[in-house]
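If you want the building blocks of each chain, they are given just below.
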Amino acid sequence: MGTPIHLVKLCVGAERVEDLDAWQAARAGGRVDYEPRHVTRMWPKQEAALLDGGSLFWVFKGFILARQRILRLDEVIGDDGIRRCGIVMDTDVVRTESVPRRPFQGWRYLQDADAPKDLTLSKSDEDELPHDLTAALAEIGIR
């Protein structure tokens, strides 16, 4: 196993991690075989490193707050006949340390060494800090 690489993506339409959880639960419709999938226009060139333990890190309102492990990349052909990439992820949404991220379009690669650490179970059960406080702490380098 080599060093995995990750993707970073804005979680458009969601303000909190709970919004992503709710959206994916609604899409699953109670099916146990449901696998969340994000379809994107571009196919990642670093596919092997992504599939070697990589995750999709989600950005909410300017902060990476969660990730989902990438299981595979599926070819998706749209109604327009264009080939796209379906990033298939684990159903578990793992909360991470809060790390600021400026807005961008599409997705970006994230080196494993730069990836936010997962929150421990005790921290993920605690009440979420107010967004302004999280932003201020991240700005001064405390995550």
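Located above this text is the structure these notes cover.
Cut-offs and rules
Residues numbered from 1 in each chain as written. Predicted model: local features only at pLDDT ≥ 70, side-chain atom pairs only at ≥ 80, totals over all residues. Heavy atoms only, no water. Helix = DSSP H or I, 4+ residues; strand = E, 2+ residues; numbered from the N terminus. Expected span 1.5 Å × (residues − 1). Buried < 20%, exposed > 50% of the residue type's maximum accessible area, 1.4 Å probe, protein only. Arc of directions from axis to C-beta. Contact = heavy atoms within 4.5 Å. Phe/Tyr/Trp six-rings, centres within 6.5 Å; stacked < 30°, edge-to-face > 60°. Lys NZ or Arg CZ within 6 Å of the ring centre and 35° of its normal. Core = buried A, V, L, I, M, F, W, Y, C linked by side-chain atoms within 4.5 Å. Salt bridge = Lys/Arg side-chain N within 4 Å of Asp/Glu carboxyl O. Pairing = 2+ DSSP bridges.

Colleague: Just give me the short version of helix H1 (residues 17-28), but keep the residues and values in it.
Modeller: Residue pairs spaced three or four apart in an α-helix point in one direction, given the helix's 3.6 residues per turn. Taking 1.5 Å per residue as the helical rise, H1 with its twelve residues ought to reach 16 Å, and the 17 Å between its terminal C-alpha atoms agrees with that figure. Where H1 is concerned, the buried positions are Val-17, Leu-20, Gln-24 and Ala-28. When H1 is viewed along its axis, its buried side chains cluster within an angular range of 70° and face the same direction. Looking at the buried side of H1, the elements it contacts are strand S3 (55-60), strand S4 (63-77), strand S5 (83-89) and strand S6 (94-100).

Colleague: Requested: an account of the packing of aromatic side chains, with residues and values cited.
Modeller: Here the structure, examined in full by the defined rule, presents one aromatic pair. Considering the side-chain rings of Trp-107 and Tyr-109, the 5.1 Å spacing of their centres and the 75° angle between planes classify their relative orientation as edge-to-face. Taking the relative accessible area as the measure of exposure, Trp-107 reaches 14% and is therefore buried. The partly exposed category is assigned to Tyr-109, whose relative accessible area is 27%. Cation over ring: Arg-83 sits above Trp-43, and NZ or CZ is 4.2 Å from the ring centre.

Colleague: An account of the nonpolar core is requested, with residue identities and associated values reported.
Modeller: One finds Leu-7, Trp-58, Phe-60, Ile-70 and Ile-87 to be the most contacted residues of the largest nonpolar core, which totals 20 residues. Broken down by secondary-structure element, the contributors of at least two residues to this core are strand S1 (5-10), H1, S3, S4 and S5. Of the residues forming this core, the biggest block, five residues, is contributed by S4. Those residues in contact with Ile-87 that sit more than four places away from it in its chain are Leu-7, Pro-36, Arg-37, His-38, Thr-40, Ile-70, Arg-72 and Leu-73. Counting residues in each nonpolar core, the second largest holds eight residues, with Val-8, Ile-64, Leu-110 and Ala-115 among its members.

Colleague: I'd like a rundown of the pattern of salt bridges, residues and numbers included.
Modeller: If you walk through the whole model with that rule in mind, you get ten salt bridges. Ionic pairing is found between Asp-33 and Arg-31, a salt bridge with its closest N-O pair at 3.4 Å. Exposure remark for Asp-33: the relative accessible area of 58% places this residue in the exposed category. Judged by its relative accessible area of 46%, Arg-31 is partly exposed. Linked by salt bridges that have partners in common, Arg-16, Glu-18, Asp-19 and Arg-95 make up one network.

Colleague: An account of the pairing of S3 is needed here, citing residue identities and associated values.
Modeller: With six of six residues buried, S3 is to be regarded as a mostly interior element. Residues Ser-55, Phe-57 and Val-59 point to one face of S3 and Leu-56, Trp-58 and Phe-60 to the other, with burial holding for every one of them. In terms of strand pairing, S1 meets S3 through four bridges, oriented parallel. Each bridged residue has a counterpart across the sheet, and for Lys-9 the counterpart in S3 is Trp-58. Of the strand pairs in this sheet, S3 and S4 are connected by six bridges, and their pairing is antiparallel. Paired with Val-59 across the two strands is Ile-64, which belongs to S4. Where S3 hands over to S4, the hairpin turn is made up of two residues, of which Lys-61 adopts a positive phi near 45°.

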